[in-house]
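Residues per chain are reported as follows:
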Amino acid sequence: MKVATVSEARISDREKQLQRLLRQGLLSRDAIEGKVVLDWECGDAAFAVAFSRLGASKVYAIDSWVKFDDEYVDQLTQLNVVAQNISIREFSSVATAKADLIFANTVTEHLQDLPSAFQNVFGLLKPNGYFFVAMIIITIQAVLMITDL
């Protein structure tokens, strides 16, 4: 299991990426500012910190593959990010709050059971909440081409 760390440069890069999504109209400030955001399979939590900097009231960063040590969790807590080593299924069973935005950056192409994962996601969303998914299209196209043979 990889132990998470993140540099200021990486957080800044993620913040720039979110700003670009906002300019392109793919994300809305209304979905972020003063809202609860869940960064699903967050990796090093750089996007989670960026969401906090963009005005989210609370950010949950969950990852079932990357380990957050206690020191890193404390650092993230100071940045208004709650980090947990937990899957979306486990998080959905213990969450006490629902999210206004669930952000999944290059997550879904790795999942074996999308319907179950999405059921957990939609159970965690507030009414009229947003589910933002970014995926590696080349991977999906390659899988489709192989299955079409």
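Fair warning: this is a prediction, and the values are worked out from it, not measured in the lab. (Residues numbered from 1 in each chain as written. Predicted model: local features only at pLDDT ≥ 70, side-chain atom pairs only at ≥ 80, totals over all residues. Heavy atoms only, no water.)

(A) Focus on the pattern of salt bridges. Overall, the coordinates contain six salt bridges when judged by the stated rule. A salt bridge links Glu33 to Arg29, with the nearest nitrogen and oxygen atoms 3.5 Å apart. For Arg29, a relative accessible area of 36% corresponds to the partly exposed category. Residue Lys126 is joined to Asp100 by a salt bridge in which the shortest nitrogen-to-oxygen separation is 3.3 Å. Remark: Asp100 occurs in strand E6 (residues 99-105) and Lys126 occurs in strand E7 (residues 125-134); sequence separation between them is 26 residues. Overall, Lys126 belongs to the partly exposed group, its relative accessible area being 31%. Overall, the relative accessible area of 12% leaves Asp100 in the buried class. Look at the salt bridges and you will find they share partners, linking Glu8, Glu15 and Arg53 into a network. (Salt bridge = Lys/Arg side-chain N within 4 Å of Asp/Glu carboxyl O. Buried < 20%, exposed > 50% of the residue type's maximum accessible area, 1.4 Å probe, protein only. Helix = DSSP H or I, 4+ residues; strand = E, 2+ residues; numbered from the N terminus.)

(B) Spatial organisation of the nonpolar core. Membership of the largest hydrophobic core comes to 28 residues, with the highest contact counts inside it found for Leu18, Leu27, Ile32 and Phe51. Within the residue set of this core, elements represented by two or more residues are helix H1 (8-23), helix H2 (46-53), strand E3 (58-62), helix H3 (70-78), strand E5 (81-84), E6 and E7. Among the elements that make up this core, the one with the highest residue count is H2 (six residues). Judged by nonpolar contacts, the second largest core, of 15 residues, contains Val36, Leu38, Trp40 and Ala104. (Core = buried A, V, L, I, M, F, W, Y, C linked by side-chain atoms within 4.5 Å.)

(C) Summary view of a negative patch on the surface. Together, Asp69, Asp70, Glu71 and Asp74 make up a negatively charged patch on the protein surface. With respect to the helices and strands, Glu71 occurs in helix H3. Note on Glu71: relative accessible area 56%, which makes it exposed. (Patch = residues over 30% accessible without salt bridge, like charges linked within 9 Å, V, L, I, M, F, W, Y side chains within 5 Å. Areas by Shrake-Rupley, 256 points an atom, 1.4 Å probe, with all protein chains shown as cover. Lys, Arg positive; Asp, Glu negative; His and termini not counted. Charge placed at Lys NZ, Arg CZ, Asp CG, Glu CD.)

(D) View of the packing of H1 against H2. Put simply, H1 and H2 touch, their axes get as near as 8 Å, and they point 65° apart. Two packed elements cross with a definite hand, and for H1 against H2 that hand is right-handed. For the pair H1 and H2, the contacting residues are Glu8, Arg10, Ile11, Arg14, Glu15, Gln17 and Leu18 in the first and Ala46, Phe47, Val49, Ala50, Phe51 and Arg53 in the second. When its residues are assigned to classes, the contact of H1 with H2 shows seven nonpolar, one polar and five charged. (Axes fitted to C-alpha atoms, helices over the stretch in contact; angles between N-to-C directions. Left-handed = near helix turned anticlockwise from the far one by under 90°. Contact = heavy atoms within 4.5 Å. Nonpolar A, V, L, I, M, F, W, Y, C, P; charged D, E, K, R; others polar.)

(E) Main features of the packing of aromatic side chains. Under the definition given, this model contains seven aromatic pairs. Arranged with centres 6.1 Å apart and planes meeting at 25°, the rings of Phe68 and Tyr72 form a pair that is stacked. When the centroid spacing of 5.5 Å and the interplanar angle of 85° are considered together, the rings of Phe122 and Phe131 count as edge-to-face. For Phe122, a relative accessible area of 47% corresponds to the partly exposed category. Within the aromatic cluster, the residues linked to one another by ring pairs are Phe47, Phe51, Phe103 and Phe132. (Phe/Tyr/Trp six-rings, centres within 6.5 Å; stacked < 30°, edge-to-face > 60°.)

(F) Spotlight on the pairing of E5. Burial along E5 is one-sided: Val81 and Ala83 are buried, while Val82 and Gln84, pointing the other way, are not. Two strands pair when backbone bridges link them, and E3 and E5 are joined in this way by four bridges, in the parallel orientation. Paired with Tyr60 across the strands is Val82, a residue of E5. (Pairing = 2+ DSSP bridges.)

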